[in-house]
Amino acid sequence: MRNKIISVIVLAVLVGGGAYYYFYYLPANRIETIKISSANAENMKFLLAVVEDKGFADKNRIKLEVVFSDPGEAERKLISRAQGVEVGTINPIAMSSTNQAQNIKLRAFASVYNTDQTIMVKAASPFYKVEDLKGAKLAIHPKGSAAYTAYAVGMKVAGLDLERDFKLIFGSFSQNAQRLASGEADASFLNAVATARLLATGNYREIVNLDEKWNKIVGSPMPFVDLAAHEDWVLQNPNKVKRLQKAILEAVAFIRQNPGLIGEYKSLLGIQSASEIKLTEERLPDIYPAQWNTAIHDALLRRAFELGLLKEAPKEELFID
């Protein structure tokens, strides 16, 4: 009897040990940490918080170690692999331009949000469409930034030129919102969250949504921020790439199905009032792409090259299926 009990215990230990090894040590099942350099933006913080808090990271057996910085610094850390960064946020046009200028091979594999910027004016402003703003003072992100590049492409497609047709004032979203409020700027490019804050006051209105304008002309959304990594890392870490892709897409589907999450994360998003929350619920979920679409990314780069905003047409596949 004693020998039988010992045999059962040994068997249980072996089975339990085998299960532990299967779930935690086999390459396909162990949890893998991914170090991400991300732009310090509310919409990115919200998405990554949902990935972690709602179990999509755990489900896909990844752990995210995120370093938040200003957009330019976040891209620099990705490019230089600073502090062990593996993956980073970057605009697709900026990625192509960086590859060409620095002779590196960044590759994007997940889209985190489309262009969500709008041009805002005061409610009493005489401007009602973007063409009315010719010669006006327009607050915008600095030259060389991903946002500026996206604006330039969108406006060129609409038949306008940022440098020729407007008096530009450069700053961050918060600075540009303040410049609009003070009258230093006639209009300001703002993202979905900042737009919701202003609209909630009743003192401002929207002239144009850049993504909607692009969509009407081109027939697809305008990709704005992707997750990318150096090609050698992508090839060496297929599990991490697939798991991160899947976690992002599952989190996006969850956000789109549950816009009430906005209220849960109102502090992170910097919104407070019921009207701010409601407007953010209406606007923010739609900026997150429901699928990874390499074709619309290729189309964006072709158009950027045709418009003279890329020195060379990409000669390699930059977007990983």
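Scroll up to find the structure this text is about.
Model, not experiment: these values are computed from the prediction. (Residues numbered from 1 in each chain as written. Predicted model: local features only at pLDDT ≥ 70, side-chain atom pairs only at ≥ 80, totals over all residues. Heavy atoms only, no water.)

1. Structural notes on the layout of surface pockets
At step 1: A volume near 690 Å³ is recorded for the largest pocket.
At step 2: Taken together, 32 residues make up the lining of the largest pocket; nearest its centre are Asn40, Ala41, Pro71, His141 and Phe173.
At step 3: For the lining of the largest pocket, the secondary structure elements donating two or more residues are α2 (42–53), α4 (71–80), β3 (87–90), α6 (146–157), α8 (173–182), α9 (192–201) and β10 (223–230).
At step 4: Here the lining of the largest pocket is composed, by residue class, of 13 nonpolar, 13 polar and six charged. (1 Å grid on protein atoms, 1.4 Å probe; cavity = no way out; pocket = protein on both sides within 12 Å on 5 of 7 lines; lining within 4 Å. Points joined across faces, edges and corners; volume = space filled by probe spheres on them. Helix = DSSP H or I, 4+ residues; strand = E, 2+ residues; numbered from the N terminus. Nonpolar A, V, L, I, M, F, W, Y, C, P; charged D, E, K, R; others polar.)

2. So, the pattern of salt bridges
At step 1: In total, this model carries 22 salt bridges according to the counting rule given.
At step 2: A salt bridge links Arg243 to Glu32, with the nearest nitrogen and oxygen atoms 3.5 Å apart. A residue pair is termed long-range when its members are at least 10 positions apart, and Arg243 in helix α12 (residues 238–257) and Glu32 in strand β1 (residues 32–39) qualify at 211 residues.
At step 3: Its relative accessible area of 13% is what places Glu32 among the buried residues.
At step 4: The residue Glu306 makes a salt bridge to Arg303 at a minimum N-O spacing of 3.5 Å. One end of the pair, Glu306, and the other, Arg303, are both in helix α16 (residues 294–306), three residues apart, so they sit about a helical turn from each other.
At step 5: Given the relative accessible area of 57%, Glu306 is considered exposed.
At step 6: Under the relative-accessibility criterion, Arg303 is labelled partly exposed at 27%.
At step 7: Among the ionic contacts, a cluster of salt bridges with common partners joins Lys105, Arg107, Glu231 and Glu316. (Salt bridge = Lys/Arg side-chain N within 4 Å of Asp/Glu carboxyl O. Buried < 20%, exposed > 50% of the residue type's maximum accessible area, 1.4 Å probe, protein only.)

3. Here we look at helix α15 (residues 274–283)
At step 1: Among the residues of α15, those classed as buried are Glu276, Ile277, Leu279 and Thr280. Considered in projection along α15, the buried side chains sweep an arc of 170 degrees and stay on one side of the axis.
At step 2: Where α15 is buried, its residues meet α9, α13 (261–264) and α14 (266–269). (Arc of directions from axis to C-beta. Contact = heavy atoms within 4.5 Å.)

4. A closer look at the environment of Thr280
At step 1: Looking at the secondary structure, you find Thr280 in helix α15.
At step 2: Assessed through its relative accessible area of 0%, Thr280 is described here as buried.
At step 3: Each C-alpha atom of the pair Thr280 and Ala194 lies 9.0 Å from the other, and the pair is 86 residues apart in sequence.
At step 4: For Thr280, the contacting residues outside a window of four places in its chain are Val193, Ala196, Ile262, Ile271 and Pro285.
At step 5: From its side chain, Thr280 meets the backbone oxygen of Glu276 in a polar contact 2.7 Å long. (Polar contact = N/O pair within 3.5 Å; in protein donor to acceptor, adjacent residues only side chain to side chain.)

5. Observations regarding the environment of Leu48
At step 1: Residue placement: Leu48 occurs in helix α2.
At step 2: Once residues lying within four places of it in the same chain are set aside, the contact partners of Leu48 are Ser38, Leu64, Val66, Phe68 and Ile248.

6. Focus on the packing of α2 against α12
At step 1: One way to put it is that α2 packs onto α12 with a least axis distance of 9 Å and a crossing angle of 100 degrees. When the interaxial angle is binned, α2 and α12 end up roughly perpendicular. Packed against α2, whose contacting residues are Phe46, Leu47, Leu48, Val50 and Val51, the element α12 presents Ala247, Ile248, Ala251, Val252, Phe254 and Ile255 at the interface.
At step 2: For the contact of α2 with α12, a count of residues per class yields eleven nonpolar, no polar and no charged. (Axes fitted to C-alpha atoms, helices over the stretch in contact; angles between N-to-C directions. Parallel < 35°, antiparallel > 145°, perpendicular 65-115°, else oblique.)

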